[in-house]
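Single-letter residue listing:
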Amino acid sequence: MRHQNEQEFIEWFDSSQVQVVLQAKESMLKRLINEGWEQTSDEGRTEIPTNSLTAVACKPILKSEVPKHIKRLQLLKIYNHLT
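Owing to the predicted nature of the structure, the values given are computational and were not obtained by experimental measurement.

Okay, the nonpolar core next. M28, L29, L32, L53, V56 and I70 form the largest nonpolar core, which has six residues in total. Those elements that provide at least two residues to this core are helix 2 (26-34) and strand 4 (53-57). For this core, the element with the highest residue contribution is helix 2, accounting for three residues. Those residues in contact with M28 that lie beyond four places of it in its chain are H69 and L73.

Before going further, it helps to examine unusual backbone geometry. Even without being glycine, N51 reaches a positive phi, approximately 65 degrees. Within the secondary structure, N51 is located in the loop between strand 3 (38-41) and strand 4. By relative accessible area, N51 is classed as exposed at 58%.

A word on the pattern of salt bridges. Overall, the coordinates contain three salt bridges when judged by the stated rule. Residue E35 is joined to R31 by a salt bridge in which the shortest nitrogen-to-oxygen separation is 3.1 Å. For E35, a relative accessible area of 38% translates into the label partly exposed. Residue classification places R31 among the partly exposed residues on the basis of a relative accessible area of 40%. One salt bridge connects E43 with R45, and the closest N-O pair in it is separated by 2.9 Å.

How each quantity is defined
- Residues numbered from 1 in each chain as written.
- Predicted model: local features only at pLDDT ≥ 70, side-chain atom pairs only at ≥ 80, totals over all residues.
- Heavy atoms only, no water.
- Core = buried A, V, L, I, M, F, W, Y, C linked by side-chain atoms within 4.5 Å.
- Buried < 20%, exposed > 50% of the residue type's maximum accessible area, 1.4 Å probe, protein only.
- Helix = DSSP H or I, 4+ residues; strand = E, 2+ residues; numbered from the N terminus.
- Contact = heavy atoms within 4.5 Å.
- Salt bridge = Lys/Arg side-chain N within 4 Å of Asp/Glu carboxyl O.

This is the structure in structure tokens:
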């Protein structure tokens, strides 16, 4: 995935900060981008078309500062079919 500020994103992702992954519809992803979250786009190496909006990211934020519309989102569920 490509990120608008790739080096800053890599430093954050590689840090010891907890990363929380939430699932949301594309309309919510676009809303978050408008609120200043960083957009990531798929490189199209699998079945997802190149430059598809697949995720957004924000810098670490205090739990007390998380907006209500974010608190309503659910954790992303990833199912491993190999286990």
